[in-house]
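# Descriptive structure summary
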Amino acid sequence: MPPVPRARPPLSHRVSHRTRLLAALAALVTVAAGLTVRAVTGGWFGKYAGDALYTVLVHALVVLVWPRVTPVRAAIGALAFSWAVELAQLTPVPAALSEASVVARLVLGSTFGAADLVAYAAGAVLAASAHTLVGHRSRQRRERASAAP
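What this report covers is the structure whose coordinates are included nearby. (Residues numbered from 1 in each chain as written. Predicted model: local features only at pLDDT ≥ 70, side-chain atom pairs only at ≥ 80, totals over all residues. Heavy atoms only, no water.)

## Re the packing of helix 2 (residues 43–65) against helix 3 (residues 71–88)
Test applied: Axis lines are fitted to C-alpha atoms, over the contacting stretch for helices. Their N-to-C directions set the angle, which ranges from 0 to 180 degrees. Counting from the N terminus, the helices are the DSSP runs of H or I reaching at least four residues and the strands are the DSSP runs of E reaching at least two. Working definition: roughly parallel below 35 degrees, roughly antiparallel above 145 degrees, roughly perpendicular at 65 to 115 degrees, and oblique for all remaining angles. Note: crossing handedness is left-handed where the near helix turns anticlockwise from the far helix by less than a right angle, and right-handed where it turns clockwise. In what follows, a contact means two residues having at least one pair of non-hydrogen atoms within 4.5 Å.
One can describe the packing of helix 2 onto helix 3 by two numbers: an axis separation of 8 Å at closest approach and a directional angle of 130 degrees. Relative to helix 3, helix 2 is oriented oblique. Where helix 2 crosses over helix 3, the handedness of that crossing is right-handed. Listed contacts from helix 3 to Y54, T55, V58, H59, V62 and V63 of helix 2 are P71, A74, A75, A78, L79, F81, S82 and V85.

## Let's talk about the layout of surface pockets
A water-sized probe, rolled over the atoms, reveals where empty space remains. Our working definition: Here a cavity means grid points, on a 1 Å grid over the protein atoms only, where a 1.4 Å probe fits yet cannot get out; a pocket means an open set of points with protein on both sides within 12 Å along at least five of seven lines; lining residues are those with an atom within 4 Å of a point. Grid points are joined across faces, edges and corners, and a volume is the space filled by probe spheres set on the points. Any residue outside Ala, Val, Leu, Ile, Met, Phe, Trp, Tyr, Cys, Pro, Asp, Glu, Lys and Arg is labelled polar, Gly included; the first ten of those are nonpolar and the last four are charged.
In this structure, the second largest pocket encloses a volume near 750 Å³. Taken together, 27 residues form the lining of the second largest pocket, with R38, G50, Y54, L106 and V107 sitting closest to its centre. Of all the secondary structure elements, the ones that give two or more residues to the lining of the second largest pocket are helix 1 (11–40), helix 2, helix 3, helix 5 (102–108) and helix 6 (114–147). Looking at the lining of the second largest pocket, its residues break down into 14 nonpolar, 7 polar and 6 charged.

Quick look at the structure:
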């Protein structure tokens, strides 16, 4: 018997898988960039670049979980989460958790800084811009592929 050809998954599933793969890659690159910035730079640039990259990472994780989310909605979600974490630092909870765990310190921080809110917003704009650009190029590629004979 000849082998039965496997049906290709619908385009929507392939796009979701590709989007998730790109989001996972973006998350890994963002973590590497954040660790590099912390190791190589200092002062205000290192601090605020790290804050912006924190929101970029959250954006990538949002896209990983919901691959069909629009860039603006993912950015708003990432920004809301980042701001919520920062505002939580007005309470003693994150500082106490940060003393107990290095992971908690990396995720929650320990002290509130109003300027961090601006850095998070910059990260959200950066992430939404990159997400929009990747989505635009992906749509162009699909359109060219479907128009090809």
